[in-house]
Amino acid sequence: MFDKSLSLTELNYRVRDAIRDHLPDTYWIRAETSDVRPNRNGHCYLEFIEKDPARQAIVAKARGVIWSGVFQMLSVYFEQETGQPFTSGINVLVRVSVDFHELYGYSLSVTDIDPSFTLGEIARQRQLVLKQLEEEGVLTLNKELTLPEPANRIAVISSPTAAGYEDFRDQLLKNQARLVFYTKLFPAIMQGDRSEGSVIAALEKIFHYKELFDAVAIIRGGGATSDLSCFDSYGVAVHVAQFPLPVVSGIGHERDVTVLDMVAHTRAKTPTAVAEFFINDGWKTFSDLIGLQDRMVSASEAIAMKEQNLLFSLSKEVVHQSMRLLQKETAGTQQVTATMGHALKQHLLQQSHLIEKREQFVQMVSPQNVLRRGYTLTLKDGKIVTSMQDLGVDDTIETRFRDGISVSRITGLRTSDNSQEKKQS
Amino acid sequence: MEKLTYNSAKKELETIVLAIESGEMDVDLLTEKVKRASQLIAFCKEKLTKTEKELQKILDDIV
């Protein structure tokens, strides 16, 4: 028995040789990375795992290594192509050789990688998450929210030490338009395995204070691209999608759109762009207000102008009318004056005619004229005799003619039949 | 009186502006409405441009 026995080393050598003999080539394998840890010498150690898609339980596992010479090139190439670093939790297609070391055991050493597979896998994963969100009817919920007016109280989810957060605050608080903003940081781990839970915890905290905020900004500083898997995760997406405040994403990823970007109310590329979004929105709010003010001013000015015009034309009318009246009155007065003058003249004329006639009459009936017409005037003792009664026989009387006086002595008196009448006339 | 918010102020302002624009407003009422609108505009402008120290303090106090 003892002679047939092998030392562990001898067995491991045999395993090594068997593997070398039976798996002499390199093989393209599909697996998920885990526990990726580059060391100081430039080598990268990791685990390859495979999960059961339904249960997410690990069903296969192998240690892996990427030697320094390969890893230098591979990591740069992978990041260039996929926009994300070679890290844990990603599905990769790698070419490996199968090694067995008597001391370290079974491991896969990576010689090549196909980034397009990872891209496809990421996209496929995203599609799966999006599809699930859609089926649950939450995919567009956050997009359907209306950004309140004004949207200037902003809850920020960020790593407190990230340069991106400072950029965001600077940009927002020193805006040219001098719009006022309030920010409150809810710190979170923004990359790595713990980021998903951390971001969700921050969202839950903001939810507790949701009345104090108008919107949420999820931002992550620029710098080197890093693991985005947290922002493609179902957990973060489903929280963001159903969040009662509009969420604006700015996770510093230029290349492609994460699930978070898809479900967020608004997607901006960088934290600075998120700040610009809020500033522009604030400026629009402000402009709307100024627009209303302008409309009010011009509308009320129009009314005032109209009223003024009305007043002006009214007063013009008043002036015009009174002028007309005055003119009419003046004319009337003139007319009256003229009429009066005329009437007066007429009257005077008439009067003077009358006077003339009366004069004529008076003249006509004057004793002189009467005498001239053949009548005589009888006087006794210088008095006009009008009745026979005043005379007696032998009275001396004067008979006045037109052209002289005769003196006679009465020799007889005869009373006429109509002496009564004569007496009276 | 109900506490004025940006939203309620803007809504009231819009109503006033529309009424003025309709051109059927009495001139005596106009003066009154313009005065109210100016108050609302000032209120809204202040909301957009003046920091409320009280609010910032409330936010700062969240831990």
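Residues numbered from 1 in each chain as written. Chains lettered and ligands numbered in written order. Predicted model: local features only at pLDDT ≥ 70, side-chain atom pairs only at ≥ 80, totals over all residues.

(A) Structural detail: the overall build of chain B. Secondary structure summary: chain B contains three helices and zero strands in total. From first element to last, N terminus to C terminus, chain B shows the α and β order α-α-α. (Helix = DSSP H or I, 4+ residues; strand = E, 2+ residues; numbered from the N terminus.)

(B) Expanded view of the overall build of chain A. Helices and strands together make up the secondary structure of chain A, namely 11 helices and 14 strands. In chain A, which comprises 425 residues, the proportion classed as buried is 27%. For chain A, the share of sequence-separated contacts (at least 6 apart) that also reach a separation of at least 24 residues comes to 64%. (Buried ≥ 20, exposed ≤ 12 C-beta atoms within 10 Å, placed from the backbone. Contact = placed C-beta atoms within 7 Å.)

(C) Spotlight on the sheet that holds strand E12 (residues 383-384) of chain A. Residue and element names in this part refer to chain A. Taken together, the four strands give an open sheet; going across it, the order is E12-E11-E13-E14, and neighbouring strands pair in antiparallel fashion. Every interior strand has two partners, whereas the edge strands, E12 and strand E14 (405-409), have only one. When strand E11 (residues 377-380) meets E12, the two strands line up antiparallel, connected through two bridges. In the sheet register, Leu 379 faces E12, and the bridge partner there is Ile 384. (Pairing = 2+ DSSP bridges.)

(D) Examining the packing of helix H1 (residues 6-21) of chain B against helix H2 (residues 27-49) of chain B more closely. Residues and elements named next belong to chain B. Taken N-terminus to C-terminus, the directions of H1 and H2 make an angle of 145°; their axes are 9 Å apart at the nearest point. The interaxial crossing formed by H1 with H2 has left-handed handedness. Every residue of H2 that contacts H1 at Tyr 6, Ala 9, Lys 10, Glu 12, Leu 13, Ile 16, Val 17, Ala 19 and Ile 20 is listed here: Leu 30, Lys 33, Arg 36, Ala 37, Leu 40, Ile 41, Phe 43, Cys 44 and Lys 47. Its residues assigned to classes, the contact of H1 with H2 comprises 13 nonpolar, no polar and five charged. (Axes fitted to C-alpha atoms, helices over the stretch in contact; angles between N-to-C directions. Left-handed = near helix turned anticlockwise from the far one by under 90°. Nonpolar A, V, L, I, M, F, W, Y, C, P; charged D, E, K, R; others polar.)

(E) How the structure looks around the confidence of the model for chain A. When pLDDT is averaged along chain A, the result is 86, and 93% of the positions lie at 70 or above. Predicted confidence is poor over residues 419-425 of chain A, with pLDDT under 50, and the contacts of this stretch with residues over four places away or in other chains come to three contacts. (pLDDT = per-residue confidence, 0-100.)

(F) Spatial organisation of the nonpolar core. The biggest cluster of nonpolar side chains holds 64 residues, and the ones touching the most others in it are Val 216, Ala 217, Ala 237, Leu 260 and Val 263 of chain A. If you look at the next biggest cluster of nonpolar residues, it comprises 16 residues, including Phe 48, Phe 71, Val 96 and Leu 108 of chain A. (Core = buried A, V, L, I, M, F, W, Y, C linked by C-beta atoms within 7 Å.)

(G) Just the environment of Ala 275 of chain A, in detail. All names here are of chain A. Relative to the elements of secondary structure, Ala 275 occurs in helix H9 (residues 271-365). You can call Ala 275 buried: it has 27 C-beta atoms within 10 Å. C-alpha separation for the pair Ala 275 and Leu 172, spaced 103 residues apart in sequence, amounts to 5.2 Å. Beyond its immediate sequence surroundings of up to four residues, Ala 275 is in contact with Phe 168, Gln 171 and Leu 172.

(H) Main features of the sheet that holds strand E4 (residues 91-101) of chain A. All names here are of chain A. Pairing is mixed around the closed barrel formed by five strands, whose spatial order is E1-E2-E3-E5-E4. For this sheet the average axis-to-axis angle between neighbouring strands, irrespective of direction, equals 55°. Here five bridges tie strand E1 (residues 26-38) to strand E2 (residues 44-51), and the two strands are oriented antiparallel to one another. Bridge pairing links Arg 37 to Tyr 45 in E2. Along the sheet face, helix H3 (residues 115-135) touches E4 and strand E5 (105-113) and points at about 125° away from the line of E4.

(I) Region of interest: the interface of chain A and chain B. Opposite the 21 residues of chain A that make contact, chain B presents 28 residues. Of all the elements in the fold, those that place two or more residues in the side of chain A that touches chain B are strand E7 (182-187) and H9 of chain A. Looking at which element gives the most residues to the side of chain A that touches chain B, the answer is H9 of chain A, with 12 residues. Class assignment of the residues belonging to the side of chain A that touches chain B gives a composition of 12 nonpolar, four polar and five charged.

(J) View of unusual backbone geometry. All names here are of chain A. A cis amide bond links Glu 149 with the next residue in sequence, Pro 150, at an omega value of -5°. Structurally, Pro 150 is set in the loop between H3 and strand E6 (153-158). Its identity is not glycine, yet Arg 178 carries a phi of approximately 60°, on the positive side. Classification of Arg 178 by C-beta neighbours within 10 Å gives exposed; the count is 10.

(K) Inspection of the environment of Leu 48 of chain B at higher detail. Counting through the fold element by element, Leu 48 of chain B comes out in helix H2. Along the sequence, Leu 48 of chain B and Tyr 6 of chain B sit 42 residues apart, while their C-alpha atoms lie 9.1 Å from each other. Each residue touching Leu 48 of chain B, except ones within four places of it in the same chain, is listed here: Pro 150, Leu 179, Val 180, Gly 282, Thr 285 and Phe 286 of chain A.

(L) Highlighting the pairing of strand E3 (residues 58-66) of chain A. Residue and element names in this part refer to chain A. Where E2 lies against E3, eight bridges are found, and the strand directions are antiparallel. What sits directly across from Tyr 45, in E3, is Val 65. In this antiparallel pair of consecutive strands, E2 and E3, the connection spans six residues, and Gln 56 shows a positive phi of 60°. Where E3 meets E5, three bridges bridge the pair, whose relative direction is parallel.

(M) Molecular detail of H1 of chain B. All names here are of chain B. Between the first and last C-alpha of H1 there are 22 Å, a value that for 16 residues agrees with the 22 Å anticipated at 1.5 Å per step. Among the residues of H1, Lys 10, Leu 13, Ile 16, Val 17 and Ile 20 are the ones counted as buried. Mapping the buried residues of H1 onto a view down its axis gives an arc of 125°, with all of them on the same face. Counted as exposed and oriented over 90 degrees from the buried face of H1: Asn 7, Lys 11 and Thr 15. (Expected span 1.5 Å × (residues − 1). Arc of directions from axis to C-beta.)

(N) Representation of the confidence of the model for chain B in the model. Residues and elements named next belong to chain B. Confidence along chain B averages 88 in pLDDT terms, with 97% of residues attaining 70 or more. Taken element by element, chain B is modelled with least confidence in H2, mean pLDDT 89, and with most confidence in H1, mean pLDDT 92. As a predicted assembly, this complex carries a pTM of 0.67 together with an ipTM value of 0.91.

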